[in-house]
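Each chain, written out:
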Amino acid sequence: MNEATGPTRHAADVSGVGRVLVVIPTYNEADNVSDIVGRVRQAAPGVEVLVADDNSPDGTGVIADALARTDPRVHVLHREGKQGLGAAYLAGFTWARERGYDAVVEMDADGSHAPEDLPALLDAARDADVVIGSRWTSGARVVNWPLRRLALSRCGNLYARLALGMPVSDATGGYRVYRRSALDAMDLASVCSQGYSFQVELSRLAHRAGMRITEVPITFAERERGDSKMSPLIVAEALWRITTWAVQDRRQAIRRGLHGTSTGQVRWP
Ligand SMILES: Nc1nc2c(ncn2[C@@H]2O[C@H](COP(=O)(O)OP(=O)(O)O)[C@@H](O)[C@H]2O)c(=O)[nH]1
Ligand SMILES: [Mg+2]
């Protein structure tokens, strides 16, 4: 971990949301990591960056260390091995909270989440607890994504929205801003997702906590370099977890109705 510099010396208030840390999880992103970090620093010079690398065999962590040596606003969190996107983000959130950042951004390393959209997301965060960079809201664009990925994302989001009753168009999206207050209010210790269902799980936690969730349209582009880590196992985990949460929510609603703690009617979530 690069501990040479702390947020207090370098962080600046960004867009009125305070000190911002962009967490970029990486696994075998050697061809992308320099480019994405450079673009973030250029698009939003006030922010700091934490690369959360799972000991990538392709040397991503070594490249990130070199970036951190030349830029005091870049940090690296070295993790022991590949433990999934959710675990990498949770470690990044803990790192940020321990160092007093006011907002944490989630961003993929492969360029799919354009750093140039970041100022708009941070701007929206002034009046929100959570901001989701959405692929499926008016004004958004998805570029070069294969049909099967488009279909998976649309169907996954439709299922998540219907099953969990969340008014969010892109609950699986991974380009987000969490205000510090939101991270503090969510029970992160309860998070069980390892893969990409992490995004749905955090959307659900935020929604259930009554947080202000704002969606901002983004331009999402398919990666040009390196390989996707998406796998059938990750899809299966998401399907399984969403279904389990939906069942839990309905059981809870029925119990509330039976015990007369609400109006006596069963309220679906
Ligand atoms: N640290 C870490 N990062 C991961 C892991 N799995 C995926 N990532 C990163 O998560 C981001 C999204 O992954 P990607 O393969 O592009 O998924 P896709 O966009 O759904 O195809 C990228 O920055 C990956 O390097 C993991 O197990 N650990
Ligand atoms: Mg990707």
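Residues numbered from 1 in each chain as written. Chains lettered and ligands numbered in written order. Predicted model: local features only at pLDDT ≥ 70, side-chain atom pairs only at ≥ 80, totals over all residues.

This part takes up the packing of helix α6 (residues 147-164) against helix α9 (residues 232-258). Where α6 contacts α9, the axes come no closer than 9 Å and their chain directions differ by 15°. Classified by the interaxial angle, the pair formed by α6 and α9 is roughly parallel. For the crossing formed where α6 meets α9, the hand is left-handed. Contact residues: α6 offers Leu152, Gly156, Tyr159, Ala160, Ala163 and Leu164, while α9 offers Val235, Ala238, Ile242, Thr243, Trp245, Ala246 and Asp249. For the contact of α6 with α9, the class distribution of residues is 10 nonpolar, 2 polar and 1 charged. (Axes fitted to C-alpha atoms, helices over the stretch in contact; angles between N-to-C directions. Helix = DSSP H or I, 4+ residues; strand = E, 2+ residues; numbered from the N terminus. Parallel < 35°, antiparallel > 145°, perpendicular 65-115°, else oblique. Left-handed = near helix turned anticlockwise from the far one by under 90°. Contact = placed C-beta atoms within 7 Å. Nonpolar A, V, L, I, M, F, W, Y, C, P; charged D, E, K, R; others polar.)

Turning our eyes to something else, we now look at the nonpolar core. One finds Val22, Val23 and Val104 to be the most contacted residues of the largest nonpolar core, which totals 63 residues. With sequence-adjacent residues up to four places away left out, Val23 is seen in contact with Leu50, Ala52, Tyr89, Gly92, Ala96, Val104, Val105 and Glu106. (Core = buried A, V, L, I, M, F, W, Y, C linked by C-beta atoms within 7 Å. Buried ≥ 20, exposed ≤ 12 C-beta atoms within 10 Å, placed from the backbone.)

If you trace the 7 strands from one edge of the open sheet to the other, you get β3-β2-β1-β4-β7-β5-β8, paired in mixed fashion. One side of each edge strand has no neighbouring strand; the edge strands of this open sheet are β3 (74-78) and β8 (213-217). When the angles between neighbouring strand axes are averaged without regard to direction, this sheet yields 20°. Where strand β1 (residues 20-26) meets strand β4 (residues 103-106), 4 bridges bridge the pair, whose relative direction is parallel. Bridge assignment links Val22 to a residue of β4, and that residue is Val105. Against the sheet, helix α2 (residues 33-43) touches β1, β2 (48-53) and β3, its axis set at about 160° to β2. Set on the sheet, helix α4 (residues 85-98) makes contact with β1, β2, β3 and β4; between it and β1 the angle comes to about 155°. (Pairing = 2+ DSSP bridges.)

Okay, the environment of Arg180 next. Mapping Arg180 onto the fold places it in helix α7 (residues 180-185). Exposure remark for Arg180: the 19 C-beta atoms within 10 Å place this residue in the partly exposed category. Taking the C-alpha atoms as reference points, Arg180 and Ala96, separated by 84 residues in sequence, lie 9.0 Å from one another. Setting aside chain neighbours within four positions, we find Arg180 in contact with Tyr101, Asp102 and Ala103.

Turning our attention to the confidence of the model for the protein. Looking at the protein as a whole, its pLDDT mean stands at 91, while 91% of the residues score no less than 70. In this model, residues 262-269 is a region of pLDDT below 50 whose contacts with residues beyond four sequence positions or in other chains number 16 contacts. (pLDDT = per-residue confidence, 0-100.)

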